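An overview of the molecular structure
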Amino acid sequence: MCGIVGYVGSGQALPVLLDGMARLEYRGYDSAGVAVISGDAVTVVRKAGHLEELTKELAVMEVLGSTGIGHTRWATHGAPTDGNAHPHRDCSGKIAVVHNGIIENHDVLRARLIREGHSFSSDTDTEVVAHLIESIIEEESCSLISAVTKAVHVLEGAFALVCIRTEEPGCIIVARQVSPLIAGTAEGMGLVASGIPALLAYTRDIVSLEDNQIGEIRAGSVRLFDFEGDEIPVSTVRVEWNLEAAEKGGYEDFMLKEIFEQPQALRDTMRGHFDRQGRVKLDDVHWKPGVLERIDKIVVVACGTSYHSGMMAKHSIEHWTRIPVELDLASEFRYRDPVLDDRSLVIGIAQSGETADTLAAIRFAKEMGATVIAVTNVVGSSITRHADAVIFTHAGPEIGVAATKTFLAQLVALNTLALYLAQERGSMSRDKMTETIDAMNALPEQVKEVLAIQGDVRRAAKRYAGAADVLFIGRGVGMTVAMEGALKLKEITYIHAEGYAAGELKHGAIALIEPGVPVVAIVTGQKLYDKMLANVEEVRARGADTIMVAPRGDERARALANELFEVPSTKPLLTPVLDTVALQLFAYFVAKEKGLSPDKPRNLAKSVTVE
Ligand code: F6R
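Note that the structure is a prediction, hence the values are computed from the model and not measured. (Residues numbered from 1 in each chain as written. Predicted model: local features only at pLDDT ≥ 70, side-chain atom pairs only at ≥ 80, totals over all residues. Heavy atoms only, no water.)

**Quick notes on the site of the ligand**
Selection rule: By convention in this text, a residue qualifies as near a molecule or strand provided that one of its non-hydrogen atoms is within 4 Å of it. Two N or O atoms form a polar contact when they lie within 3.5 Å of each other; inside protein one atom must be a possible hydrogen donor and the other a possible acceptor, and for residues adjacent in sequence the pair counts only when both atoms belong to side chains. Here the accessible surface of atoms and residues is derived via Shrake-Rupley with a 1.4 Å probe, and residues count as covered only by protein chains that are part of the display. Only DSSP runs of H or I reaching four residues or more are called helices, and only runs of E reaching two or more are called strands; each is numbered from the N terminus.
Near the ligand, the surroundings consist of 14 residues, among which S306, Q351, S352, T355 and E491 are the closest. In the environment of the ligand, an oxygen atom lies 3.0 Å from a nitrogen or oxygen atom belonging to the backbone of T305. Contact distances for the ligand include 2.9 Å between an oxygen atom and a backbone N or O atom of A403. Taking 400 Å² as the accessible area of the ligand by itself, protein coverage stands at 91%. At the level of secondary structure, the elements contributing two or more residues to the shell around the ligand comprise helix 10 (304-321) and helix 17 (477-493). The dominant element in the shell around the ligand, judged by the number of residues it contributes, is helix 10, at three residues.

What follows is the structure in structure tokens.
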């Protein structure tokens, strides 16, 4: 998320910043800004919209100076406006900061700093950092690097911070906790960035900051320190990638990169929602008084892949809260004359936040008096303005047209909401809540284990890339996975695929089975395991080839599988988070086998803004 660039040297900073920002714009493109030290002031120019808007603004200005920082934003806190764009400054205007990540305790820090007399001009978590550094410098009369070293102990969450100060031109101070940051030097310059593409034009020798490190970047030098202020050795790695490969982080396609980013997307989406006492927190969701007690039904509306995350949510919300849940395709919802009133909670899910049908559905729900909560990946998107409250997935920008990491992030966000409702309504025991939270926290590492079976998935993809039809079957939440697996396959490989409730097969679809037809069966749910295996036997008896998504070490599944995707075990309701990853990889590798571009499937758009 977000692109960061910093330059310090003997030349002009601005052209280098803009060049690097253009190369990182794919990481975030809702606003952009630069800060350059010009004499004893910092000139800051920020603009909502694509980088082009900022470039136009700068074309009629003279921003001179040889130390500067720039940022292309993917909003997480505060809408994508000029005022919320980075860099952010302290009260004196002498310190400027850009940031990638999420400062979880920004609320507490902001309140403290306001009490101390600081005034804020944006809604961002980042501005807190500028004022915090200012307050430390005021109190201790110290250097920027000392203040940053102190500040990192106060900040909670994830951050890549890049800071400059007018009193210390010729120097950029950076800090990393979780969010990526790299640095490098070239003839007469020092550089820092959030991604390799920004540096490749100047150097291929990259210093990659590790977690909990602070860097001091000057023309021709990079020094590193730990969070205690002790200097540590610097080592560089030589990057041989070309520019396009660098933008994709070395992956062949954005879709594959985004599939591999899923552990981080899950971590970022869950961050701050579960406290050490096993309580679920939704601090940014402000419910109208009495709403939580009043809800007697929940309606989920969404399209496409988001609809599939809604299918899973129906299972977890009903199981954990005992509130009945209806699920509607957003394009159908308002035309079926649904029954809604002020006791209804409507959950609208849209990764883009711009899907026309979903927006129309939630507008309709509000007119009927329902409370509307949105789940989206895009801060400032239309859905955030129409809903009463918003839960953000923090998956970062998704460039591949087929939704992957946003889907997984939706699953955990919706489960978080379900757990929160259960907690507030007292419908779940403490022990079960704690167990479930532990299982959720384990998911990012377990997704990594699924990613590690890519060799098995690639082999199966090679074997079945020539199929004309593929059937996906599952039961319970496994049906969600079947539907999503089928959608991924059809949209990027153009193979006809259907997701089906396994129990429904014998009411019609089983007629499609003939020798060699691949059937993907999801057999991870414990409750319906035997019934699923019986359905697998049925299709095998009619000649189908079976690709099984099964718990690791499951010998019964192995015996029935032509190809086996083994996944780690988790709580039954969380299985879609792991199972789906195998099927995303399957669709991806089939597309590659067929020589198709997974990132840009025909006829599709990333956000569907017409009905
Ligand atoms: C499939 C896909 C689409 C979207 C659908 C809804 O991979 O991406 O089916 O899920 O167009 O989009 P959002 O979530 O933006 O409402």
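**Considerations on the sheet that holds strand 24 (residues 545-551)**
Consider a sheet: its strands pair through backbone hydrogen bonds, and that pairing is either parallel or antiparallel. Defined as follows: Each pair of strands is called paired provided DSSP finds at least two bridges between the two strands. Geometry is summarised by axes, namely lines fitted to C-alpha atoms with helices restricted to the contacting stretch, and by angles between N-to-C directions that run from 0 to 180 degrees.
Pairing within the open sheet is parallel, and its five strands lie in the order 22-21-23-24-25. Because the sheet does not close on itself, it has two edges, and the strands there are strand 22 (496-501) and strand 25 (563-567). Neighbour-to-neighbour, the strand axes of this sheet turn through a mean angle of 15°, independent of strand direction. In terms of strand pairing, strand 23 (residues 518-522) meets strand 24 through five bridges, oriented parallel. Residue P518 lies in a different strand from strand 24, and its bridge partner there is D545.

**Description of the domain arrangement of the protein chain**
The condition is simple: Marked domain ranges trace back to an automatic or database domain assignment. By definition, the buried area sums, over both parts, the 1.4 Å-probe accessible area that each loses when the two are put together. Salt bridges are defined by distance alone: a side-chain nitrogen of Lys or Arg within 4 Å of a carboxyl oxygen of Asp or Glu.
In terms of domain boundaries, the protein chain breaks down into domain 1 (3-245), domain 2 (248-446) and domain 3 (454-593). The gap between the C-alpha centroids of domain 2 and domain 3 is 25 Å. Of the roughly 2500 Å² buried at the junction of domain 2 and domain 3 (both faces included), carbon and sulfur atoms supply 72%. For the pair domain 2 and domain 3, the interface holds three salt bridges.

**Let's talk about the nonpolar core**
Here is the rule we go by: Definition used in this section: a nonpolar core is a set of buried Ala, Val, Leu, Ile, Met, Phe, Trp, Tyr and Cys residues joined via side-chain atoms within 4.5 Å. Each residue's exposure class comes from its accessible area (1.4 Å probe, protein chains only) as a fraction of the maximum for that residue type: buried when under 20%, exposed when over 50%, partly exposed otherwise.
Ranked by size, the top nonpolar core spans 90 residues in total, and within it W287, I298, I347, F565 and F586 carry the most contacts. Taken domain by domain, this core gets at least three of its residues from each of domain 2 (248-446) and domain 3 (454-593).

**Let's talk about the pattern of salt bridges**
Inspection of every chain in the model, using the stated rule, returns 43 salt bridges. E563 is paired through a salt bridge with R459; the nearest N and O atoms lie 3.0 Å apart. A residue pair is termed long-range when its members are at least 10 positions apart, and E563 in strand 25 and R459 in helix 16 (residues 454-464) qualify at 104 residues. According to the relative accessible area criterion, E563 is buried, its value standing at 4%. For E484, the salt bridge goes to K488, with nearest N and O atoms at 2.6 Å. With E484 and K488 both in helix 17, this residue pair falls four residues apart, about one helical turn. A relative accessible area of 1% places K488 in the buried class. Within this structure, E216, R218, R223 and E231 form a network of salt bridges that share partners.

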